[in-house]
Amino acid sequence: MEGINGQQLKWNWLEPILVYLGILFSGLLFSFCSEEIAFLMLAIGMPQTEMAFFAVAYIFQFLVTVLLVLFLSVFVNNAGLNDLGLKNTSWSNYWRYGIMGGLLLMLLVLLLGLPINYLQPDIRPQVFEEMLRSVQGGSEFIILLLMGAVLAPVSEELFYRGMIYPVVRGYLGPLWGAIAAGLIFGLAHWDFWRTIPLAVGGAVLCYFYEKTGSILVTMLAHGVWNGVMAVIVYFSLINV
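Summary of the structure given here.

Criteria and thresholds
Residues numbered from 1 in each chain as written. Predicted model: local features only at pLDDT ≥ 70, side-chain atom pairs only at ≥ 80, totals over all residues. Heavy atoms only, no water. Helix = DSSP H or I, 4+ residues; strand = E, 2+ residues; numbered from the N terminus. Rg over C-alpha atoms; globule rule 2.2 N^0.38 Å. Buried < 20%, exposed > 50% of the residue type's maximum accessible area, 1.4 Å probe, protein only. Contact = heavy atoms within 4.5 Å. Areas by Shrake-Rupley, 256 points an atom, 1.4 Å probe, with all protein chains shown as cover. Lys, Arg positive; Asp, Glu negative; His and termini not counted. Charge placed at Lys NZ, Arg CZ, Asp CG, Glu CD. 1 Å grid on protein atoms, 1.4 Å probe; cavity = no way out; pocket = protein on both sides within 12 Å on 5 of 7 lines; lining within 4 Å. Points joined across faces, edges and corners; volume = space filled by probe spheres on them. Nonpolar A, V, L, I, M, F, W, Y, C, P; charged D, E, K, R; others polar. Expected span 1.5 Å × (residues − 1). Bend = angle between axes of the 7 residues up to and from the residue.

If you tally the helices and strands in the protein, you get eight helices and zero strands. Traced from its N-terminal end to its C-terminal end, the protein shows the element sequence α-α-α-α-α-α-α-α. For 240 residues, the compact-globule formula gives about 18 Å, and the C-alpha radius of gyration of the protein, at 18 Å, lands near that figure. Oriented by its inertia axes, the alpha-carbon framework of the protein measures out at about 50 × 40 × 35 Å. Within the protein, buried positions represent 45% of all 240 residues. In the protein, of all internal contacts separated by at least 6 residues, the share reaching a separation of at least 24 is 75%. Carbon and sulfur atoms make up 71% of the accessible area of the protein, which amounts to about 12,600 Å² in all. Charged side chains of the protein number 9 positive and 14 negative; the gap between the two group centres comes to 13 Å.

The following block contains the structure:
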């Protein structure tokens, strides 16, 4: 099975499944050890707030995802970073697909979400949006912005575009592979009403990866998407 950049793909379905199971298990473990984690946070002087606990949980999941992807691909299967799409590309690709593509992707997902807001005006916001709307001061917003515009794109692009998409693409081809991988991305957020907008966003990111051969570009596009949306939510310019 051939990867995006022409190399022989060195992993299959087993590795993404193991990563996802690891993410689920780590989340359960974090919840189970919440009292111990709160004690450690207190011991190192961290505030005992919902925001601080959310940040610690977010960073923990980020580390688990990245380390599992790298361990199962690079160390277990002897893959190179290029196999995961971690390669540089032209500045025009960063501008065209990363920055401009991210902005257009944000607008597309926003437009796709309008019918959902109309049909379900009382739909519960995602946890990250709830945290954005409850921040106390600019420092908390900056922390959340870094989490949403940097940490989330890095871990999610490594997993969904770097690891999962090449496997699906090998079976279904670029078009249907992007659609299927996008659907997996949407469903993995466990948000029924937002599955389609997120799936479309995931498929478009697969297209960006296909055009550039670099998930550094999709990380940038994903970061622009998340970052601009976070700013919009924070300043309550519109209800998303």
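Here the narrative resumes.
Over the atoms a probe the size of a water molecule is rolled, and this reveals where empty space is left. Size it by volume and the largest pocket reaches roughly 1,700 Å³. Around the largest pocket, the lining is made up of 50 residues, and of these Tyr58, Gln126, Phe128, Glu156 and His189 lie nearest the centre. Looking at the lining of the largest pocket, the elements with two or more residues in it are helix H1 (14-32), helix H3 (50-75), helix H4 (91-119), helix H5 (127-133), helix H6 (138-187), helix H7 (195-212) and helix H8 (215-234). Looking at the lining of the largest pocket, its residues break down into 32 nonpolar, 13 polar and five charged.

This part covers H4. End to end, H4 covers 41 Å across 29 residues, agreeing with the expected 42 Å (1.5 Å per residue, within 8%). Maximal helix bending in H4 amounts to about 40°, located at Gly101. Along H4, the residues classified as buried are Asn93, Tyr94, Tyr97, Gly98, Gly101, Gly102, Leu105, Met106, Val109, Leu110, Gly113 and Ile116. The inward-facing, buried residues of H4 abut H7 and H8.

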